[in-house]
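One-letter residues, chain by chain:
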Amino acid sequence: MDILVEYAVLVGVQEQTNEHFEYEMEELKNLAEAIDVHVVGSVTQNLERRHPTHYVGKGKVSEIKRFYEETDANLIIFNDELSPSQIRNLERELEVKVIDRTMLILDIFARRARTHEARMQVELAQLQYTLPRLVGLRASLSRQGGGTGGGFQNKGAGETKLELDRRKIEDQISKLRKDLDHVRDRRDTQRKQRKRSGIPVVSIVGYTNAGKSTLMNALLRKMDDVISKQVYEENMLFATLDTSVRRLSLADNKEFLLTDTVGFVSKLPHHLVKAFRSTLEEARGADLLLHVVDVSNPEYRYMMEVTNETLQDVGVENIPTINVFNKSDLAGVPYPRDTADSVWISAKNGEGLDELIDLIKKKVFEQYITCKLLVPFDRGDVVSYLNDKANVKKTEYEEEGTLMTVEMDGSERVKFEEFIVSH
Ligand SMILES: Nc1nc2c(ncn2[C@@H]2O[C@H](COP(=O)(O)OP(=O)(O)OP(=O)(O)O)[C@@H](O)[C@H]2O)c(=O)[nH]1
Ligand SMILES: [Mg+2]
């Protein structure tokens, strides 16, 4: 779905209860600009409900038409997902290319997808969106063939051609589903292995462009020093479309895995969420979430709500969470600063990272308890395992063996039960 058109008018209906409407329209503009579409203006309308046949009210349709003619636009972008018949009606009456927020987001994802899995996920979502709209999307489909002209190039396409397209799309959808199921199984296995390794998993989540990848890189630089493992960060929407996992070590032999993944946006298309489920689900096995928030954005509370709702949608629930209020340098708020569950930082200039790391330690390793073990001298293997893997605070040599004071979590304590002499 390559959009070759350059100048767009945005159209949005404000339903009575929507206090975030203005921000949504601004975000729609950002989304359009993310694929190099210039926005020449917008038309909005207050309605109790979106109109079932034309999305906007009838009279508004001609106002939109006048407006795009005046501004020489050649594309209209609607702020909500349009039904197949709405697209059909609007294209017929406006005689111009019509797309909706969903197509726009799908298009951004399609351009950004790099890994094989991400590409399959985007393609699946696009086909599922397209299938019921084959007729209405004549114009958009003809665009895939390279044409840019408005409206009705495929008007002559007969029923048979349509039926053929439909069958091809259905076949492709089931093929992609099957392939993605395999990928998902593999991911499940990897997740289980990670779980078994006993290393806690900390997952970074949040709205798109909040600074998730920048935070991951900052933590990597601070704790790992291996520049080659940095992830991609960029001032654009949906820079990241897959999941990266990195292992981080704290000074006292404690380790955790850190994951960075796709960001969220309001009205993330349903098919997209479903198609990206296995990527988004990555956070499900986490022991701790870092919810990264761009606190310099006046709408940051709303962005947090959207993130929380999307997480619930994909079944990420009841996981301890630290709110990481990022970009504090732009927000004019005091930082670095932390409370029991929140920390104010700037991932960009690195301030507040110590506070964040302390908080992570507290949350992830709070079940760690210091105990004393007496290890017989013929069990050098245990002594060296603990020296390698655990936080050994003291080592003394007694007559019966090595007396070690060690900080360990529950699963390790069970493993070494026979040597424990006191907690
Ligand atoms: N001023 C300032 N800019 C920041 C900070 N953290 C990140 N940024 C900038 O915000 C932009 C987005 O950063 P990313 O880390 O790519 O954001 P993300 O959350 O990974 O975004 P997606 O992968 O697109 O969902 C980049 O231009 C960063 O340089 C910060 O603390 N302060
Ligand atoms: Mg990112």
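Up top is the structure these notes are about.
Residues numbered from 1 in each chain as written. Chains lettered and ligands numbered in written order. Predicted model: local features only at pLDDT ≥ 70, side-chain atom pairs only at ≥ 80, totals over all residues. Heavy atoms only, no water.

K.L.:
Help me get a handle on the pairing of strand S12 (residues 369–375), residues and values and all.
P.N.:
Pairing of S12 with strand S14 (residues 402–408) involves seven bridges; the strand directions are antiparallel. Its bridge partner being in S14, Thr 370 is matched across the sheet by Glu 407. Pairing of S12 with strand S15 (residues 420–422), which is carried by two bridges, proceeds in the antiparallel orientation. Counterpart to Leu 373 in the pairing with S15 is Ile 420. (Pairing = 2+ DSSP bridges. Helix = DSSP H or I, 4+ residues; strand = E, 2+ residues; numbered from the N terminus.)

K.L.:
Can you lay out the pattern of salt bridges for me, pointing to particular residues and giving the numbers?
P.N.:
For the coordinates displayed, the defined rule picks out 19 salt bridges. Two residues, Lys 267 and Asp 80, come together in a salt bridge whose shortest N-O distance is 2.6 Å. In this pair, Lys 267 is assigned in the loop between strand S7 (255–260) and helix H9 (270–275) and Asp 80 in the loop between strand S3 (75–78) and helix H3 (84–94), connecting sequence segments 187 residues apart. (Salt bridge = Lys/Arg side-chain N within 4 Å of Asp/Glu carboxyl O.)

K.L.:
Describe the coordination of the magnesium ion (ligand 2), and please don't skip the residues or the numbers.
P.N.:
A metal bound by six donors in octahedral fashion has ideal angles of 90 or 180 degrees, whereas one bound by four tetrahedral donors has an ideal angle of 109.5 degrees. For the magnesium ion (ligand 2), the protein coordination sphere consists of Ser 213 (OG) and Thr 240 (OG1), at 2.0 to 2.2 Å. Taken as a pair, Ser 213 in helix H8 (residues 212–223) and Thr 240 in the loop between H8 and strand S6 (244–249) lie far apart in primary sequence, 27 residues in all. With relative accessibility at 8%, the residue Ser 213 sits in the buried group. (Donors = N, O, S within 2.8 Å, 3.2 Å for Na, K, Ca; no water. Buried < 20%, exposed > 50% of the residue type's maximum accessible area, 1.4 Å probe, protein only.)

K.L.:
Hey, could you go over helix H2 (residues 58–71) for me, with residue numbers and the actual values?
P.N.:
The end-to-end C-alpha distance of H2, which contains 14 residues, comes to 21 Å, matching closely the 20 Å that a straight helix rising 1.5 Å per residue would cover. Just downstream of H2, Asp 72 is the residue with a positive phi angle, here 60°. (Expected span 1.5 Å × (residues − 1).)

K.L.:
Outline a negative patch on the surface, supporting the account with residue identities and numerical values.
P.N.:
On the surface, a cluster of negative charge is made up of Glu 19, Glu 305, Glu 309 and Asp 313. Among the structural elements, Glu 309 can be located in helix H11 (residues 300–313). (Patch = residues over 30% accessible without salt bridge, like charges linked within 9 Å, V, L, I, M, F, W, Y side chains within 5 Å. Areas by Shrake-Rupley, 256 points an atom, 1.4 Å probe, with all protein chains shown as cover. Lys, Arg positive; Asp, Glu negative; His and termini not counted. Charge placed at Lys NZ, Arg CZ, Asp CG, Glu CD.)

K.L.:
Requested: an account of the sheet that holds strand S1 (residues 7–15), with residues and values cited.
P.N.:
Spatially, the four strands line up as an open sheet ordered S2-S1-S3-S4, and their pairing is parallel. The open sheet has two free edges, formed respectively by strand S2 (38–47) and strand S4 (97–100), since each of these has just one partner strand. Pairs of neighbouring strands in the sheet enclose a mean axial angle of 25°, with direction left out of account. Across four bridges, S3 lies against S4 in parallel orientation. When the bridges of S4 are listed, Ile 76 appears paired with Val 98. (Axes fitted to C-alpha atoms, helices over the stretch in contact; angles between N-to-C directions.)

K.L.:
Can you tell me about the site of ligand 1, naming the residues and giving the values?
P.N.:
With respect to spatial proximity, 23 residues lie near ligand 1, and among them Lys 212, Thr 214, Ala 239, Thr 240 and Asp 329 are the closest. Between an oxygen atom of ligand 1 and a side-chain N or O atom of Ser 346, the distance comes to 3.2 Å. If ligand 1 stood free it would expose 660 Å²; the protein chains cover 93% of that surface. Given that more than half its atoms are within 2 Å of the pocket grid, ligand 1 belongs to the largest pocket. (Near = heavy atom within 4 Å. Polar contact = N/O pair within 3.5 Å; in protein donor to acceptor, adjacent residues only side chain to side chain. 1 Å grid on protein atoms, 1.4 Å probe; cavity = no way out; pocket = protein on both sides within 12 Å on 5 of 7 lines; lining within 4 Å. Sits in = over half its atoms within 2 Å of the grid points.)

K.L.:
Account for unusual backbone geometry, with residues named and values stated.
P.N.:
With an omega dihedral of -10°, the bond running from Tyr 335 to Pro 336 counts as a cis peptide bond. Residue position: Pro 336 is located in the loop between helix H12 (328–331) and strand S10 (337–338). Residue Asn 209 is not a glycine yet carries a positive backbone phi of 70°. Note on placement: Asn 209 falls in the loop between strand S5 (201–206) and H8. Phi is positive for Phe 238, which is not a glycine, with a value near 60°. If you trace the backbone, Phe 238 turns up in the loop between H8 and S6. What makes Phe 238 buried here is its relative accessible area of 1%.

K.L.:
So what's going on with the packing of H8 against helix H13 (residues 353–364)? Which residues, and what values?
P.N.:
Relative to each other, H8 and H13 sit at 90°, their axes nearing to 11 Å. When the axes of H8 and H13 are compared, the pair comes out roughly perpendicular. Seen from H8, the contacting residues are Leu 215, Ala 218, Leu 219, Lys 222 and Met 223; seen from H13, they are Leu 353, Asp 354, Leu 356 and Ile 357. Tallied by class, residues from the contact of H8 with H13 come to seven nonpolar, no polar and two charged. (Parallel < 35°, antiparallel > 145°, perpendicular 65-115°, else oblique. Contact = heavy atoms within 4.5 Å. Nonpolar A, V, L, I, M, F, W, Y, C, P; charged D, E, K, R; others polar.)

K.L.:
I'd like a rundown of empty space enclosed by the protein, residues and numbers included.
P.N.:
Evaluated as defined, the whole model comprises one cavity of 30 Å³ or more. The space that makes up the largest cavity amounts to roughly 40 Å³. If you trace the largest cavity, you find it lined by Phe 109, Val 262, Gly 263, Phe 264, Leu 268, Leu 272, Val 273, Phe 276 and Leu 280. When the residues that make up the lining of the largest cavity are grouped by side-chain class, the tally is eight nonpolar, one polar and no charged. (Points joined across faces, edges and corners; volume = space filled by probe spheres on them.)

K.L.:
Just give me the short version of the environment of Glu 412, but keep the residues and values in it.
P.N.:
The residue Glu 412 is located in helix H15 (residues 410–415) in this model. The spatial distance from the C-alpha of Glu 412 to the C-alpha of Tyr 368 is 9.6 Å, given a sequence separation of 44 residues.

Shape is all these values report; function is a separate question.
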